[in-house]
Amino acid sequence: KNQVEQSPQSLIILEGKNCTLQCNYTVSPFSNLRWYKQDTGRGPVSLTIMTFSENTKSNGRYTATLDADTKQSSLHITASQLSDSASYICVVRFPGGSYIPTFGRGTSLIVHP
Amino acid sequence: NAGVMQNPRHLVRRRGQEARLRCSPMKGHSHVYWYRQLPEEGLKFMVYLQKENIIDESGMPKERFSAEFPKEGPSILRIQQVVRGDSAAYFCASSLDRDNEQYFGPGTRLTVT
């Protein structure tokens, strides 16, 4: 079964610190893997997208990495800002003609001043 | 270039009433997806539509829920005889085609009292 598991469930850090969020998936290879940011009360917005052949993808202070051997992706946030407080969702589009991606539950990040 | 629009943003209904949620996709997008998000839960796929056709409704409850995407006008998610368990945030996403990125709307928060 196609599954996406994220950890930790929630995370609290101080402004300016770095953090890393994890995403584990069960089926390999996949078509693409996206990280979304969802602010409270808003819809998800795509941060990065990676194909199965890519190891890393950056978008400003956000860097996504992929380890195909361990079936794990990480989202690293550097020099966190208060505006980074949000839910971060890992979404995997699995092969086999499935056009409906599988969503992780998300990691809730709170950045304190 | 307006993004995906959803209305209303907040909807309160009493048990037994009907709820109608509207979604206007991004300009040029003919593929629409509806998702439900319960508190502290991830996004769950409900239904995928392409103009005038339901492509996949495997995530939508068989009873009380229906969706349409007419040739003209927005996509509508209709919930009849709402119950308390229907209280959730309902997100709509649209894409250029089934393989492209899905862009999400701001969501409609349904509260059933």
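Note: the structure precedes this text.
Procedures and definitions
Residues numbered from 1 in each chain as written. Chains lettered and ligands numbered in written order. Predicted model: local features only at pLDDT ≥ 70, side-chain atom pairs only at ≥ 80, totals over all residues. Heavy atoms only, no water. Phe/Tyr/Trp six-rings, centres within 6.5 Å; stacked < 30°, edge-to-face > 60°. Helix = DSSP H or I, 4+ residues; strand = E, 2+ residues; numbered from the N terminus. Lys NZ or Arg CZ within 6 Å of the ring centre and 35° of its normal. Pairing = 2+ DSSP bridges.

**Q** Hey, could you run me through the packing of aromatic side chains in this one?
**A** Each aromatic ring pair is specified by the distance between its two centres and by the angle formed by the two planes. If you walk through the whole model with that rule in mind, you get seven aromatic pairs over all chains. Ring geometry for Y62 of chain A against Y88 of chain A: centres 6.2 Å apart, planes inclined by 45°, an arrangement best described as tilted. Residue Y62 of chain A is found in strand β7 (residues 62-67), and its partner Y88 of chain A is found in strand β9 (residues 86-93); the two are separated by 26 residues along the sequence. On the basis of an interplanar angle of 10° and a centroid distance of 4.6 Å, the ring pair of Y33 of chain B and Y48 of chain B is categorised as stacked. Of this pair, Y33 of chain B sits in strand β4 (residues 31-37) while Y48 of chain B sits in strand β5 (residues 43-50), and the two are 15 residues apart along the sequence. Every member of this aromatic cluster is reached through a ring pair, and the members are Y36 and F103 of chain A together with Y35, F45 and F104 of chain B. Sitting above the plane of the Y62 of chain A ring, R61 of chain A keeps its charged end 5.7 Å from the centroid.

**Q** Teacher, can you tell me more about the pairing of strand β6 (residues 56-59) of chain A here?
**A** Put simply, side chains in a regular strand alternate between the two faces of the sheet. Residues and elements named next belong to chain A. Two elements, β6 and β7, share four bridges in a ladder whose sense is antiparallel. Within β7, the position partnered with T56 by the bridge is T65. In sequence, β6 turns back onto β7 through a hairpin of two residues, with G60 there showing a positive phi of about 65°.

Function-wise, these values are silent; they only describe arrangement.
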